[in-house]
Every structure is written in C-alpha cells, then in structure tokens.
2 protein chains.
Amino acid sequence: MPKQELVVLNTCCTPISEAALDPAQAADGAAVFKALADPIRLRLMSIIASAGQEVCVCDITPNFDVSGPTISHHLKVLREAGLVDCERRGTWVYYWPLPERLTWLSTLLSVPTPAAV
Amino acid sequence: MPKQELVVLNTCCTPISEAALDPAQAADGAAVFKALADPIRLRLMSIIASAGQEVCVCDITPNFDVSGPTISHHLKVLREAGLVDCERRGTWVYYWPLPERLTWLSTLLSVPTPAAV
C-alpha cells in the first residue's frame with residue numbers, strides 16, 4: 001500500500017496572535033488540528049510523543065479499550081497529518097513522533113508573554 | 001439565553017512530549033482542538049487573536065463568504081471552548097481572545113528544543 005501524502009502546509013510559523021491566517025493557511029492548520037481533535041488520537045499522540053523512543057504498536061494497543069484495527073485507523077490519521085511516522089519490522093509496526101509538526105502547531109498557538117509590570 | 005459553560009479542563013500544562021495524557025485529559029484537550037479543527041473557525045480565531053483589540057462581529061463577517069448566522073454559530077463554538085469571549089453592546093457583539101487557553105494548547109504541543117551539539 002503506497003504511503004499517503006502528508007498534508008502540505010503553506011503556513012509558516014507566524015503565531016495567530018500576530019497575524020490572521022488566509023483561507024488556505026486556515027484549511028491546512030484545521031486539517032492538522034482535526035487529527036488531534038479525537039480523544040483516542042490525542043492520547044495516542046501523547047503516548048508516542050512522550051515515549052522517548054520508538055513505540056511498538058503492540059505496546060500501545062493494550063492501553064485502550066478499542067480494537068487493534070481501530071487503533072491502526074487512528075494511527076494512520078496521525079501519520080497522514082504528519083504528526084508521526086512508522087516502520088514495519090517483522091510482525092509489528094513501530095511509531096515515532098515528528099516533532100517539527102508539533103512545534104509548528106505550538107508556535108501557531110503561542111501568545112507573547114506580557115511584559116512584567 | 002444563558003451562557004454555555006466552558007469546557008472544564010483537568011489537564012494542566014505538561015507537554016505531551018513529556019507525559020502521556022490519561023483518558024480524561026485527552027477528552028478535554030480533544031474537545032478544544034475540535035473547536036480549531038474547522039477552517040472557518042481557525043481563521044476566525046486568528047482574526048480575533050491578532051486584532052490587538054476587541055473585534056466587532058460587523059468587521060468579521062465581511063471577510064467570509066458564508067452567512068452571518070453561520071459565522072455566529074462558529075463564534076459560539078469558539079466561545080464554548082474557552083478560546084474567546086464576547087459582549088453585546090447595542091446592535092453588535094464584540095469578541096476578544098482568551099490567551100490562557102491558547103497558551104495552554106501551545107504548551108501542550110511544545111517540544112523541548114534539542115541541546116546544541
């Protein structure tokens with residue numbers, strides 16, 4: 001099965017607190033937020049992002065009360081959003097985070113710290 | 001019409017790159033990301049967040065090709081997610097961002113900067 005193309009982001013790194021997004025930038029950003037807008041996917045993302053090493057799908061699935069195929073579907077959505085990548089080795093698939101995309105979202109939502117009074 | 005209650009967040013400010021979310025924290029976070037997971041709402045949020053002052057809904061609507069009631073619906077979703085607040089004055093409603101919620105999301109997605117090699 002060919003890898004799905006990642007969402008192409010025209011947006012760079014200007015926070016929304018500094019400049020309004022144009023419609024194309026908003027569509028790109030909303031697509032990535034949609035990947036995180038599900039409790040299972042956000043928790044999957046946090047497990048993969050916090051692991052400090054690649055995570056075997058075999059160690060992820062037991063944390064959830066849903067089926068393996070459901071977890072695989074959600075992982076695919078995270079991968080297509082450019083938030084994680086993976087590699088199959090033997091029986092299992094291993095996942096790791098793509099920190100550039102997290103950093104991009106974090107910067108997009110950042111607010112300047114108010115100057116000390 | 002009574003104000004809708006804001007989403008209550010049990011989550012504090014630990015980035016997902018440092019600790020996995022529990023199911024309740026993931027549900028809270030996903031609900032806020034869902035509010036940003038729509039191109040119109042993300043663009044609305046960026047217009048309000050970048051304005052530097054309160055924004056009249058009368059100045060927001062002309063930026064979009066959708067009806068006033070549709071814009072009002074999307075603004076209500078942003079308000080219920082705790083991302084903006086508003087006040088009616090005379091004919092118009094004025095919106096401003098709630099930076100604490102943006103900062104919380106930004107921190108949640110932040111990734112430590114790698115140490116210089």
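Rules of the game
Residues numbered from 1 in each chain as written. Chains lettered and ligands numbered in written order. Predicted model: local features only at pLDDT ≥ 70, side-chain atom pairs only at ≥ 80, totals over all residues. Heavy atoms only, no water. Core = buried A, V, L, I, M, F, W, Y, C linked by side-chain atoms within 4.5 Å. Buried < 20%, exposed > 50% of the residue type's maximum accessible area, 1.4 Å probe, protein only. Contact = heavy atoms within 4.5 Å. Least-squares fit on C-alpha atoms with pLDDT ≥ 70 in both. Disulfide = S-S within 2.5 Å. Phe/Tyr/Trp six-rings, centres within 6.5 Å; stacked < 30°, edge-to-face > 60°. Helix = DSSP H or I, 4+ residues; strand = E, 2+ residues; numbered from the N terminus. Lys NZ or Arg CZ within 6 Å of the ring centre and 35° of its normal. Buried area = accessible area lost by both parts, 1.4 Å probe. Salt bridge = Lys/Arg side-chain N within 4 Å of Asp/Glu carboxyl O. Polar contact = N/O pair within 3.5 Å; in protein donor to acceptor, adjacent residues only side chain to side chain. Nonpolar A, V, L, I, M, F, W, Y, C, P; charged D, E, K, R; others polar. Pairing = 2+ DSSP bridges.

- In the annotation of an unreviewed UniProt entry, chain A is listed under the name ArsR family transcriptional regulator and assigned to Kribbella steppae.

**Side note on the nonpolar core**
- In terms of nonpolar packing, the biggest core is built from 66 residues, with Phe33 and Leu83 of chain A together with Phe33 and Leu83 of chain B touching the most fellow members.
- Non-local contacts of Leu83 of chain B, meaning those with residues more than four positions away in its chain, are made with Val32, Ala35, Leu36, Met45, Leu78, Pro97, Leu98, Arg101, Leu102 and Leu105 of chain B.

**Some thoughts on the relation of the copies chain A and chain B**
- For the pair chain A and chain B, the superposition axis carries a translation of 0.0 Å, the fit reaches an RMSD of 0.0 Å, and the rotation angle comes to 180°. On the angle and the small slide along the axis, the relation comes out as a two-fold axis. Within chain A, the C-alpha atom positioned nearest to the axis of rotation is that of Ser106 of chain A, 2.1 Å from it.

**Observations concerning the state of the cysteines**
Residue and element names in this part refer to chain A.
- Applying the stated criterion across every chain, the model contains two disulfides over all chains.
- Each sulfur of the disulfide joining Cys56 and Cys58 lies 2.2 Å from the other. With the S-S bond torsion at 130°, the cross-link from Cys56 to Cys58 turns out right-handed.
- A disulfide-free cysteine, Cys86 has its sulfur positioned 12 Å from the sulfur of Cys56, the nearest such atom.
- Cys86 gets classed as buried once you look at its relative accessible area, which sits at 16%.

**So, the packing of aromatic side chains**
- Going through the model one piece at a time under the given rule, you end up with one aromatic pair over all chains.
- Arranged with centres 5.8 Å apart and planes meeting at 15°, the rings of Phe33 of chain A and Phe33 of chain B form a pair that is stacked. Highlighted residues: Phe33 of chain A in helix H1 (residues 23–36) and Phe33 of chain B in helix H1 (residues 23–36), drawn from two different chains.
- A cation over a ring is seen here: Arg43 of chain A above Phe64 of chain A, with NZ or CZ 4.5 Å from the ring centre.
- The ring of Tyr94 of chain A is capped by Arg89 of chain A, whose NZ or CZ atom sits 4.9 Å from the centre of that ring.

**Things to note about the interface of chain A and chain B**
- With 33 residues of chain A at the contact, the number on the chain B side is 33 residues.
- For the pair chain A and chain B, the two sides together bury roughly 2,600 Å², of which 76% comes from carbon and sulfur.
- Of all residues in chain A, Ile16, Leu42 and Leu109 of chain A give up the largest surface area on contact with chain B, accounting jointly for 21% of the area buried on that side.
- One can count zero salt bridges joining chain A with chain B.
- Our enumeration of links across chain A and chain B arrives at nine residue pairs in polar contact (both at pLDDT 80 or more).
- Looking at the side of chain A that touches chain B, the elements with two or more residues in it are H1, helix H2 (39–50) and helix H5 (99–109) of chain A.
- Class assignment for the residues of the side of chain A that touches chain B results in 21 nonpolar, seven polar and five charged.

**Let's talk about the sheet that holds strand E3 (residues 92–97) of chain A**
Residue and element names in this part refer to chain A.
- Reading across the sheet, the three strands line up as E1-E3-E2 and stay open at both edges, with antiparallel pairing between neighbours. Two strands close off the open sheet at either side, each with one partner strand: strand E1 (55–56) and strand E2 (84–89).
- Bridging between E2 and E3 involves six bridges; their strand directions are antiparallel. Bridge pairing in E3 places Cys86 opposite Tyr95.

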